[in-house]
Amino acid sequence: MGEVRHECGIAALYYLDKPERSALAPPGGREQIVRLMPRMLLDLQNRGQLAAGITSYHPFRRKLLITHKRIGTVIEALRLSQRDYFEALMKQLAGPAVIGHVRYATCGSEDPDYAQPFERYHGCRWKWFSFAFNGQLANYQDLKDELLSQKDYHLTRDTDTEVIMHYLSYELRGDQEPDLVEVFHNLSQRFEGAYNIVYLNARGDMVVARDPLGFRPLVYAVEGPLFAAASESVALTNLGFRDIRVLEPGQMVLIQDNEIRLEYFARSKTTAHCFFEWIYFANAASNIEGRGVYSVRCALGRELAWQEKRLGLVPLDKDTIVVPVPDTGKAAADAMAYELGLPSVEGLMRNRYVGRTFIQGEDRASRARMKYTPLREVLAGKRVLLVEDTIVRSTTMKALLEEMRRRGEAREIHVRVACPPIIAPCFYGIDMSTVGELFAPRYLRNLRPSMEELRQMAAELGADSLLYLPIEAVARCIGLEAHRLCQACITAHYPTPTGERLYQLALKNSHRSHQRTYELSEPVPVGPTG
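Residues numbered from 1 in each chain as written. Predicted model: local features only at pLDDT ≥ 70, side-chain atom pairs only at ≥ 80, totals over all residues. Heavy atoms only, no water.

Before going further, it helps to spend a moment on the sheet that holds strand β9 (residues 219–223). What the seven strands build is an open sheet, ordered β3-β2-β4-β1-β10-β9-β11; its pairing is antiparallel. A strand with exactly one partner marks an edge of an open sheet, and here the two such strands are β3 (65–71) and β11 (245–246). Bridge analysis of strand β1 (residues 9–15) against strand β10 (residues 226–230) gives five bridges, and the strand direction is antiparallel. Looking at β10, one finds that Tyr 14 is bridged to Phe 227. (Pairing = 2+ DSSP bridges. Helix = DSSP H or I, 4+ residues; strand = E, 2+ residues; numbered from the N terminus.)

What follows is the structure, given as structure tokens:
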């Protein structure tokens, strides 16, 4: 619903020095591979619109690593609309190896100094490196305190990215060049949470690493001498790669001495893939862990339809229409409408030039009114099943329903959410870190919303009725066992110790006495209880 921020997106490219050539590479030689990076970052723009940046490596220029990063979208940061500037930038960044990043501010300020990649200059080539990071360290505060407890350590930014940079630098200390697999293994012993990293040093060594629990997606592909990696498969598909592979949790790609190797730097008995990737964040054209995002969202819609038929709260006649909240609610809405035999129509037009409601610091309700235009000719006098991907804080939804009634003249609005209630904060890279800001915990006594609780929530939103997706439907729709997913925000069960500790602290800091720890001691039934 545009009420939550993501944890960024990363990308990497490397053109090995081999006799063969890749048909996917741009003309002009190995160093022109940087020209593919803007397209990759554009395909990851859904993961970050605050800032964008690139670091490239070239062995035959005075400055072996060059980093360009700016506040703004990819088009703004790389000046894609200014041809002369962009061409000059591509010439400056020319090189056979490049990493890139798009950012949202889940940790730290929205200021240019926080844009990534972060480059750490050093006179020793293997100690001079740049890296970009996708995720959030749950134990960031502990790591920060540990650094500041050391004599003469100083941090210039309030972000886990700088903490990672210092721990990387520490692992590269000494006179002997370390094994990069060992470096990332040692980091995995300290870091807890979500951290996908692309790393490039001034020797031309590259690392693409995925954290041991696999919170965030990370994929790679090889076509002849051309290697590419990205947070989402769509960024590789659109470059022409066909054999796209999942980088497993705890696995890293190491490019060194003109060769590509796959190594495990850490292993875990469990995984914690964020279910929100399929429901909300990822591009519908992407494939995550072998599951197509679009297909999963259609499955969510079918689950909503089956629940609708079973409960029978709304007449499914000619006066009832299904309307998606653009854009991530559309696949679920279309599938739901098909199962119910109802039309799925665009009753809301999205102004794509406003951006997501959380990008600027304005009132969310005001930005929601700017972002969506209700179509009176579609909504007037109709009973609307409004399909949304999720409700986090509720401010945007309230404003939207008000506009649909006032300007769209909808007769009834029944909200259907393709996600269970969000009842707990996220400490792994989604910007919802306090209990008090969440909508659902104000009403729910446990994970199974009763019909009375749903009626109270609907009244607060200004809806005629409200239904959520059942918790157990999430794993079923994704096609993965529930224990392989991170569902902490809908179950309050966290996959790491620090996440659990931070949740208990968040509960204590909440001033609402009726918000509590949710238990899953008994099976969760399908749908609400009566």
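Residues Leu 148, Tyr 153 and Tyr 170 make up a contiguous nonpolar surface patch of roughly 260 Å² in combined accessible area. According to the relative accessible area criterion, Leu 148 is partly exposed, its value standing at 40%. (Patch = residues over 30% accessible without salt bridge, like charges linked within 9 Å, V, L, I, M, F, W, Y side chains within 5 Å. Areas by Shrake-Rupley, 256 points an atom, 1.4 Å probe, with all protein chains shown as cover. Salt bridge = Lys/Arg side-chain N within 4 Å of Asp/Glu carboxyl O. Buried < 20%, exposed > 50% of the residue type's maximum accessible area, 1.4 Å probe, protein only.)

As a further point, take the sheet that holds strand β17 (residues 320–324). With parallel pairing, the four strands of this open sheet are ordered in space as β17-β20-β21-β22. Both edges of this open sheet fall to β17 and β22 (465–468), since each of them pairs with a single strand only. Looking at each pair of strands side by side, their axes are set apart by 20° on average, direction ignored. Note: strand β20 (residues 383–388) against strand β21 (residues 412–417), six bridges, orientation parallel. When the sheet's bridge partners are listed, Val 387 is paired in β21 with Arg 416. Across the face of the sheet, helix α9 (residues 293–311) comes into contact with β20, β21 and β22 while running at roughly 130° to β22. (Axes fitted to C-alpha atoms, helices over the stretch in contact; angles between N-to-C directions. Contact = heavy atoms within 4.5 Å.)

Before going further, it helps to spend a moment on the environment of Tyr 503. Relative to the elements of secondary structure, Tyr 503 occurs in helix α17 (residues 497–509). Sequence separation of Tyr 503 and Gln 456 is 47 residues, and the distance between their C-alpha atoms is 25 Å.

Counting buried positions over the eight residues of helix α15 (residues 471–478) gives six, a clear majority of the element. Those residues of α15 that sit buried are Ile 471, Ala 473, Val 474, Ala 475, Cys 477 and Ile 478. Buried residues belonging to α15 abut α8 (276–281), β16 (291–292), α9, β23 (485–486) and α16 (488–491). Just downstream of α15, Gly 479 is the residue with a positive phi angle, here 90°.

With that settled, consider the packing of aromatic side chains. Ring pairs (aromatic) are described by centroid distance and by the angle formed between their planes. Taken as a whole and judged by the stated rule, the model has 17 aromatic pairs. The interplanar angle of 70° and the centroid separation of 4.8 Å between the aromatic rings of Tyr 121 and Trp 128 together place this pair among those described as edge-to-face. Taking the relative accessible area as the measure of exposure, Trp 128 reaches 6% and is therefore buried. For the pair Phe 439 and Tyr 443, a centre-to-centre distance of 5.4 Å together with 55° between the ring planes defines the contact as tilted. The buried category is assigned to Phe 439, whose relative accessible area is 0%. Judged by relative accessible area, Tyr 443 falls into the buried class, the value being 18%. Among the aromatic side chains, those forming a connected cluster through ring pairs are Phe 118, Phe 129, Phe 131, Phe 184, Tyr 199 and Phe 265. (Phe/Tyr/Trp six-rings, centres within 6.5 Å; stacked < 30°, edge-to-face > 60°.)

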